[in-house]
Amino acid sequence: MTVLHLADETEAADLAAFLSRLLHYDRAAAVRLQAAGTALAVFGRPASFEVLAVRAVALAKPYEDGLDATLDVTVSAGELLESIDEKAATGVVPAAVTGPPWAGVLPPRGGWRREPGLPPAEALRALVSAAVAEFRSRTGGLVPERRTRAELDRIGREIWSRTVGETALPVRAVHAAQSLGFLRGTGPAGITGSAGTTESAGITESMGITESGAAPVSPVPPASSAPPAVSAGAGTPAVPAPGGPALFSSGAWLRLRTPFGSVAVRRAGLGALGVSVR
């Protein structure tokens, strides 16, 4: 039995919240775990969003399991969630499972470059709200004979495949980030979340997920078929405020990074879009 010693109770609570959100969309969800040193990266694919989600978690001590100093395994998200003891800040690595196809196609670990044009978090949240409202309005107005799965898919694909402002980031990636709790609000003392923990740039860098020539973010530490009908307007800051969301690219991948986690998407896509609004 391999025990993970998380940095503190809030890291354990935030990991549990992330896993719970993945399971909300897919009760059979799997996650790929990669650990090295005092960093644990948890990769998951929320069903229907066509993106990969990455949550970096700080460990209390360097990972080790006998002579193994690194971990790379795909496990059941539900079993991992059940093993987490928030008060003790521990979790147990479940038995490996046969990984879904996405688990073998992870984003690159380096070569990320900052992309300009991403709106601030408040504008991104408004973008998602507008998209969901548009989807509900358009589908709700369909006559019964036209309210087919094919038509719902068509409308959802049209809305969620739109890009954010002048970037190439599809709106579905922003919706996924909000649904997973990665676009939380900010407070006067910094960025905070329900669990009170954040993803530090140091953790991300220790996993090899680094940006080329980009200043690190300050360490404080089935989806909807409806994305935004609004896009970032002129005058939106090209570089977000410290601690805010940032967009990076590497090869065929785009990554929306926030202090609470990242959402990565391949420009060629990862699968079919769903149409449910949750």
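Calculation rules
Residues numbered from 1 in each chain as written. Predicted model: local features only at pLDDT ≥ 70, side-chain atom pairs only at ≥ 80, totals over all residues. Heavy atoms only, no water. Core = buried A, V, L, I, M, F, W, Y, C linked by side-chain atoms within 4.5 Å. Buried < 20%, exposed > 50% of the residue type's maximum accessible area, 1.4 Å probe, protein only. Helix = DSSP H or I, 4+ residues; strand = E, 2+ residues; numbered from the N terminus. Contact = heavy atoms within 4.5 Å. Salt bridge = Lys/Arg side-chain N within 4 Å of Asp/Glu carboxyl O. Phe/Tyr/Trp six-rings, centres within 6.5 Å; stacked < 30°, edge-to-face > 60°. Lys NZ or Arg CZ within 6 Å of the ring centre and 35° of its normal. Patch = residues over 30% accessible without salt bridge, like charges linked within 9 Å, V, L, I, M, F, W, Y side chains within 5 Å. Areas by Shrake-Rupley, 256 points an atom, 1.4 Å probe, with all protein chains shown as cover. Lys, Arg positive; Asp, Glu negative; His and termini not counted. Charge placed at Lys NZ, Arg CZ, Asp CG, Glu CD. Expected span 1.5 Å × (residues − 1).

Draft legend 1. Main features of the nonpolar core. Of all hydrophobic cores here, the largest spans 60 residues; its most connected members are Val31, Leu33, Val42 and Leu169. Ranked by residues supplied to this core, first place goes to helix 1 (residues 9–25) with 8 residues. Here valine 31 is in contact with Leu19, Leu22, Val42, Phe43, Gly44, Val73, Thr74, Val75, Ala77, Leu80 and Trp102, once residues within four sequence places are set aside. Judged by nonpolar contacts, the second largest core, of 12 residues, contains Leu52, Val54, Trp102 and Trp253.

Draft legend 2. Summary view of the environment of glycine 156. By the element assignment, glycine 156 lies in helix 4 (residues 149–160). The exposure class assigned to glycine 156 is buried, which follows from its relative accessible area of 1%. Each C-alpha atom of the pair glycine 156 and valine 132 lies 9.6 Å from the other, and the pair is 24 residues apart in sequence.

Draft legend 3. How the structure looks around helix 5 (residues 171–179). Along helix 5, 8 of the 9 residues are buried, which leaves the element largely enclosed by surrounding structure. All of the buried residues along helix 5 are Val171, Arg172, Ala173, Val174, His175, Ala176, Ala177 and Ser179. On the buried face of helix 5, the contacting elements are helix 1, helix 3 (121–140), helix 4, strand 11 (253–258) and strand 12 (261–266). Glycine 181 lies just past helix 5 and shows a positive phi near 85°.

Draft legend 4. Highlighting the pattern of salt bridges. With the rule as written, the count across this model stands at 12 salt bridges. Note that arginine 184 is salt-bridged to aspartate 14, the shortest N-O span being 2.9 Å. Of this pair, arginine 184 sits in the loop between helix 5 and strand 8 (186–187) while aspartate 14 is found in helix 1, placing the two residues 170 residues apart along the sequence. The exposure class of arginine 184 is buried, given its relative accessible area of 14%. Assessed through its relative accessible area of 2%, aspartate 14 is described here as buried. The partner of glutamate 151 in a salt bridge is arginine 154, with the nearest N and O atoms 2.9 Å apart. You can see glutamate 151 and its partner arginine 154 sitting in helix 4, 3 residues apart, about one turn around the helix. Among the charged side chains, a network of salt bridges with common partners joins Glu134, Arg138, Arg146, Glu151, Arg154, Glu158 and Arg162.

Draft legend 5. Expanded view of the packing of aromatic side chains. Scanning the entire structure with this criterion turns up 2 aromatic pairs. With a centroid separation of 5.9 Å and 25° between ring planes, the pair formed by phenylalanine 18 and phenylalanine 182 is classed as stacked. Taken together, the residues phenylalanine 18 in helix 1 and phenylalanine 182 in the loop between helix 5 and strand 8 connect sequence positions 164 residues apart. There is no split in this pair, since phenylalanine 18 and phenylalanine 182 are both buried. Between tyrosine 25 and phenylalanine 49, the ring centres sit 5.3 Å apart and the planes meet at 90°, which makes this aromatic pair edge-to-face. A residue pair is termed long-range when its members are at least 10 positions apart, and tyrosine 25 in helix 1 and phenylalanine 49 in the loop between strand 3 (39–44) and strand 4 (52–58) qualify at 24 residues. The exposure class assigned to tyrosine 25 is buried, which follows from its relative accessible area of 10%. The positively charged end of arginine 255 is found above the aromatic ring belonging to tryptophan 112, 4.8 Å away from the centroid.

Draft legend 6. The arrangement of a negative patch on the surface in detail. On the surface, a cluster of negative charge is made up of Asp8, Glu9, Asp85 and Glu86. Note that glutamate 9 resides in helix 1. The exposure class of glutamate 9 is partly exposed, given its relative accessible area of 48%.

Draft legend 7. Region of the structure containing helix 4. The terminal C-alpha atoms of helix 4 lie 16 Å apart, and with 12 residues this matches the ideal 16 Å at 1.5 Å per residue to within 8%. Contacts from the buried residues of helix 4 go to helix 3 and helix 5.

Draft legend 8. Geometry of the environment of glycine 117. Its place among the elements puts glycine 117 in the loop between strand 7 (113–115) and helix 3. Along the backbone, glycine 117 and threonine 167 are 50 residues apart, and their C-alpha atoms lie at a distance of 5.9 Å.

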